[in-house]
Amino acid sequence: MVRKYRLGSILLQVLITIVAIAYLIPSLIVFLYAFKSQQETSKSFPLSLPTHLEWANFGKALEALNFWQSLGNTALLTVCSVVLIILLSSMAAYAIARGATKFFNSAYVFFIAGILIPYQVIFVPMFTLGSNLGFINNFVGVIFLYVATNLPFAVFVTAGFMKTIPKEVEEAAAIDGCSVLRTFWLIVLPMLRPVAAALTIILSLQIWNDYLMPLLFLSENNMKTLTVMQSQLFSAFSTDFNTGFAGIILSSLPILLLFIFMQKHFVKGITMGAGK
């Protein structure tokens, strides 16, 4: 029995290692190509180390991506959307977790239904509605759409985490004379930091790398995001993969740094949110 368990454990580790390598190789190729010249890329093996570091690729990428403008647009959409989603989902989850009525139970089912509907299914009616409401080339409109499409998932995770918070804390605040609103802002909201950190990473990664929404709603050159600008480096008329891969690295750095700084809370927030 022990032997079978050890054999199964070894096979599982081998399988995990193979999957990890399969995911690592494309990232490694991107990194290596970003530091190679076009001539070296065409002659060398994809996984070979560059003979010298071609830093000029990053300068070309900065110029081709209109990097600082695109970075500002992407950061604006991401930060505003994530802050609003976390704030609204915390309020909704607090009401759902503490309000034991049919109305709040029905509201929770409504949010769950929003998770089950694929994003692509609602995009055509969402684009039509957004066009009629004047969301084309409008940062506020796009932020509104990001909040609407990501709110169900955030409410689901936050409501699960909320159920792990003991009600005695809120009852003690009520005895001290705190209103429901003040209890939420001063006591409950600070206790939601782990799940808020986890949602920040998940939602930031999704919105930062989103391509479809900015492509269709933000067509003006000074409003384009990094993903839309990157797509212009990889076309039928462009073969400068070195500049394109350098652009990918530059675009990934901010979201990578966010994950590094907040990773301590990521696993805690997810596991506790799925606890009940």
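Residues numbered from 1 in each chain as written. Predicted model: local features only at pLDDT ≥ 70, side-chain atom pairs only at ≥ 80, totals over all residues. Heavy atoms only, no water.

1. Concerning the overall build of the protein chain
For step 1, the next point in the chain: Counting secondary structure elements, the protein chain contains 13 helices and zero strands.
For step 2, the next point in the chain: Along its sequence from the N terminus, the protein chain presents helices and strands in the succession α-α-α-α-α-α-α-α-α-α-α-α-α.
For step 3, the next point in the chain: Taking the principal axes of its C-alpha atoms as reference, the protein chain extends roughly 75 × 65 × 35 Å.
For step 4, the next point in the chain: Residues counted as buried form 37% of the 276 residues belonging to the protein chain.
For step 5, the next point in the chain: For the protein chain, contacts bridging at least 24 residues in sequence account for 75% of all contacts bridging at least 6.
For step 6, the next point in the chain: As displayed, the protein chain has an accessible area near 16,300 Å², and 71% of this comes from carbon and sulfur atoms. (Helix = DSSP H or I, 4+ residues; strand = E, 2+ residues; numbered from the N terminus. Buried < 20%, exposed > 50% of the residue type's maximum accessible area, 1.4 Å probe, protein only. Contact = heavy atoms within 4.5 Å. Areas by Shrake-Rupley, 256 points an atom, 1.4 Å probe, with all protein chains shown as cover.)

2. Section: a nonpolar patch on the surface
For step 1, the next point in the chain: There is a patch of nonpolar side chains on the surface, built from Ile 21, Leu 24, Ile 25, Leu 28, Phe 31, Phe 45 and Leu 47 and spanning about 640 Å² of accessible area.
For step 2, the next point in the chain: Checked against the element boundaries, Ile 21 lands in helix 1 (residues 2–34). (Patch = residues over 30% accessible without salt bridge, like charges linked within 9 Å, V, L, I, M, F, W, Y side chains within 5 Å. Salt bridge = Lys/Arg side-chain N within 4 Å of Asp/Glu carboxyl O.)

3. Points about the packing of helix 5 (residues 102–116) against helix 7 (residues 139–162)
For step 1, the next point in the chain: In the contact formed by helix 5 and helix 7, the axes pass within 8 Å of each other and the chain directions differ by 125 degrees. Comparing their axes, helix 7 and helix 5 come out oblique. Our pair here, helix 5 against helix 7, has a crossing hand that is left-handed. Only Leu 151, Pro 152, Phe 153, Val 155, Phe 156 and Ala 159 of helix 7 make contact with helix 5, whose side of the interface consists of Tyr 108, Phe 111, Ile 112, Gly 114 and Ile 115.
For step 2, the next point in the chain: Here the residues of the contact of helix 5 with helix 7 sort into ten nonpolar, one polar and no charged. (Axes fitted to C-alpha atoms, helices over the stretch in contact; angles between N-to-C directions. Parallel < 35°, antiparallel > 145°, perpendicular 65-115°, else oblique. Left-handed = near helix turned anticlockwise from the far one by under 90°. Nonpolar A, V, L, I, M, F, W, Y, C, P; charged D, E, K, R; others polar.)

4. Concerning the packing of helix 8 (residues 167–175) against helix 9 (residues 180–191)
For step 1, the next point in the chain: Taken N-terminus to C-terminus, the directions of helix 8 and helix 9 make an angle of 160 degrees; their axes are 11 Å apart at the nearest point. In terms of orientation, helix 8 lies roughly antiparallel with respect to helix 9. The hand of the helix 8/helix 9 crossing is right-handed. Here Val 169, Glu 170 and Ala 173 of helix 8 lie close against helix 9, whose contacting residues are Thr 183, Ile 187, Val 188 and Met 191.
For step 2, the next point in the chain: When grouped by side-chain class, the residues that make up the contact of helix 8 with helix 9 number five nonpolar, one polar and one charged.

5. What about the side chain of Thr 225?
For step 1, the next point in the chain: With respect to the element layout, Thr 225 can be found in the loop between helix 11 (212–217) and helix 12 (226–231).
For step 2, the next point in the chain: Note on Thr 225: relative accessible area 3%, which makes it buried.
For step 3, the next point in the chain: Each residue touching Thr 225, except ones within four places of it in the same chain, is listed here: Ser 70, Thr 74, Leu 77 and Pro 214.

6. A few points about the packing of aromatic side chains
For step 1, the next point in the chain: Applying the stated criterion across every chain, the model contains 14 aromatic pairs.
For step 2, the next point in the chain: Ring geometry for Phe 35 versus Phe 58: centroids 5.1 Å apart, planes at 55 degrees, classification tilted. Residue Phe 35 is found in the loop between helix 1 and helix 2 (38–43), and its partner Phe 58 is found in helix 3 (residues 56–64); the two are separated by 23 residues along the sequence.
For step 3, the next point in the chain: We classify Phe 58 as buried; its relative accessible area is 11%. (Phe/Tyr/Trp six-rings, centres within 6.5 Å; stacked < 30°, edge-to-face > 60°.)

7. Observations regarding the confidence of the model for the protein chain
For step 1, the next point in the chain: Considering every residue of the protein chain, the mean pLDDT works out to 85; 92% of them sit at 70 or more.
For step 2, the next point in the chain: Mean pLDDT across the elements of the protein chain ranges from a minimum in helix 13 (residues 241–273), with 79, to a maximum in helix 4 (residues 67–98), with 93. (pLDDT = per-residue confidence, 0-100.)

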